[in-house]
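Chain by chain, the residues:
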Amino acid sequence: MFEKATRSRDKYFTVLTRDNQDEVPRLGLAISKKHCRKATARNRIKRVIRESFRQHQVQLAGLDIVVINQPAATLADRGAMNDSLEHHWQRCREAKRKKKNQES
RNA sequence: GGAGUUGGCCAGACAAUCGCUGCAGUUCGCUGUAGAGGAAAGUCCGGGCUCCUUCGGACAGGGCGCCAGGUAACGCCUGGGGGGCGCGAGCCUACGGAAAGUGCCACAGAAAACAAACCGCCGGCGCAGGUCGGUAAGGGUGAAAAGGUGCGGUAAGAGCGCACCGCGCGACUGGCAACAGUUCGCGGCACGGUAAACCCCGCCCGGAGCAAGACCAAAUAGGGGAGUGAGCGAGCCUUGGUGUUCGCACCGCCGGUCCCGAGCGGACUCCCGGGUAGGUUGCUUGAGGCAGUCGGUGACGGCUGUCCCAGAUGAAUGGUUGUCGUAAGACAGAACCCGGCUUAUUGCCAGCUCCGGCU
RNA sequence: GCCGGAUUAGCUCAGUCGGUAGAGCACAUCAUUCGUAAUGAUGGGGUCAGGUGUUCGAAUCACCUAUCCGGCA
């Protein structure tokens, strides 16, 4: 997963994407204790990511996605994180489309 | 109104909708229901629970330390006593022992505790420098210098004597006690500080921790249970074999100890499993909550009724909208479970104290 | 979840049976040199991580707190 993925990165998150054989999208979270020390803050980040993923899961069908947090995400508010994630989802879809075109 | 102090409460609520985790039901579409904290935190103490033979003792090691009570237990809590701080409400208090012993007390100072005498004061001797003796009132040093004040006394002085205060011991009174009282007597005073220095005294503590432990079970290594018997020496019985009694041993196992005791095991035969990855379980009904009542100053306890209130395992509580509300927050996320302590933190209420103003 | 250790000058470390906090490197000034380096001399710089207590006196002893590092798998 970590070797074959397409990366998308900003100051809040690193997002890895890869095709899967299924129609259902799958989400993995890697929220490190090193970048975010407090348990409540880690839970908050995970909730925001899950909610955003749930709302966009139709567009992300057929992808495996792993989200890794960056130090800046600890202090970010909900709006900033949502904007960042939406941008990442967009890039994931583009990466998938590009790959499909290459194959065909 | 301001400043302070003590105690207590809350941790947004309600509704709609889209989602998450457990449980129950299901016509497998879904439906119903429950779902983080006062600190869940730090891991500083005490227990429950599980395993280690954990049963006793010795020695280590650690903890606690005014008294009484509460408690499963505690280093916690309640009530009381002593000491200290504050004008006060109130707060703080590791608060046993320094005449069992050892150590330390820098610098300064004559001297830092067995004692002793630098300046001084007084007396003898000497023309004098001085020397011999008495003294600890005064000076100076220091954080600390061997009771304080006054009077008497003396060569000068000194608890040397007396009065008051202080101190120690004993009796008496009050109190369960710590302790207090000062009514009394005795002692002229002998006893510096430090035990969060070693130590002594009293009391307490076996170790590890749910990543404990148990079960299912690919792989791999060889082990586990049951039954029977037994080393050496001596005595007794017996034709012999055998049996029985006593003594002496060796090795391993107390996760701290080259320790002691108790206990278990050692050889042979028979039987079968063993347990790493992974999974299941332990896993939530408990020193439980709530209400009433009784006892107690209180911590708390008794009785009655009633309720079931998170159990995840890449680890669940959130998003949007509306109403109330000035506003929606602060610290912060259960991981075996309880009782405390400590730390972080939002808003509010009540009692009490001091100060200022008005009446 | 459980258990250890560390924190001292700008940096790396001494000092842990209490008594005015030191060393090396670095920094500044001076000397040396035609000048620089090297060398020598002098000097500055510390809330001993923070707080409370014990003590006459605390970097040192005790307790609490903060930050960092490590072990158990």
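Residues numbered from 1 in each chain as written. Chains lettered and ligands numbered in written order. Predicted model: local features only at pLDDT ≥ 70, side-chain atom pairs only at ≥ 80, totals over all residues. Heavy atoms only, no water.

## As for the nonpolar core
Considering soluble globular proteins, one finds that nonpolar side chains tend to be buried as a cluster.
Link 1 in the chain: The biggest cluster of nonpolar side chains holds 20 residues, and the ones touching the most others in it are Phe-13, Ile-45, Ile-49, Leu-60, Ile-65, Val-67 and Trp-89.
Link 2 in the chain: It is helix α1 (residues 39-55) that provides the largest number of residues to this core, a total of 5 residues.
Link 3 in the chain: What Val-67 contacts, discounting residues up to four positions off in sequence, is Phe-13, Thr-14, Val-15, Leu-27, Gly-28, Leu-29, Ala-30, Ile-31, Ile-49 and Trp-89. (Core = buried A, V, L, I, M, F, W, Y, C linked by side-chain atoms within 4.5 Å. Buried < 20%, exposed > 50% of the residue type's maximum accessible area, 1.4 Å probe, protein only. Helix = DSSP H or I, 4+ residues; strand = E, 2+ residues; numbered from the N terminus. Contact = heavy atoms within 4.5 Å.)

## Side note on the sheet that holds strand β3 (residues 26-30)
Link 1 in the chain: With respect to topology, 4 strands assemble into an open sheet ordered β1-β2-β4-β3, the strand pairing being mixed. Where the open sheet ends on each side, the last strands, each with one partner, are β1 (6-9) and β3. Direction aside, the axes of adjacent strands within the sheet are offset by 20 degrees on average.
Link 2 in the chain: Judged from the 5 bridges that link them, β3 and strand β4 (residues 63-69) form a sheet pairing that is parallel. Paired with Leu-29 across the strands is Val-67, a residue of β4.
Link 3 in the chain: Across the sheet, α1 touches β2 (13-19), β3 and β4, and the angle it forms with β3 is around 165 degrees. (Pairing = 2+ DSSP bridges. Axes fitted to C-alpha atoms, helices over the stretch in contact; angles between N-to-C directions.)

## Structural notes on the packing of aromatic side chains
Aromatic ring pairs: the centre-centre distance and the angle between the two ring planes describe each pair.
Link 1 in the chain: Applying the stated criterion to the full structure yields 2 aromatic pairs.
Link 2 in the chain: When the ring of Phe-53 is compared with that of Trp-89, the centres are 6.3 Å apart and the planes differ by 70 degrees; the resulting orientation is edge-to-face. In this pair, Phe-53 sits in helix α1 while Trp-89 sits in helix α2 (residues 78-103), placing the two residues 36 residues apart along the sequence. For the pair formed by Phe-53 and Trp-89, the shared burial category is buried. (Phe/Tyr/Trp six-rings, centres within 6.5 Å; stacked < 30°, edge-to-face > 60°.)

## Focus on the protein's contact with RNA strand B
Link 1 in the chain: The full set of residues close to RNA strand B is Leu-29, Lys-38, Ala-39, Thr-40, Asn-43, Lys-46, Arg-47, Arg-50, Glu-51, Arg-54 and Arg-78.
Link 2 in the chain: When atoms of RNA strand B within 4 Å of the protein are split into backbone and base, the sugar-phosphate part holds 66%.
Link 3 in the chain: The separation between a phosphate oxygen of RNA strand B and a polar side-chain atom of Thr-40 is 3.4 Å.
Link 4 in the chain: Note that a base oxygen of RNA strand B is positioned 2.6 Å from one of the side-chain N or O atoms of Arg-47.
Link 5 in the chain: Counted by class, the surface near RNA strand B contains 2 nonpolar, 2 polar and 7 charged residues. (Near = heavy atom within 4 Å. Polar contact = N/O pair within 3.5 Å; in protein donor to acceptor, adjacent residues only side chain to side chain. Nonpolar A, V, L, I, M, F, W, Y, C, P; charged D, E, K, R; others polar.)

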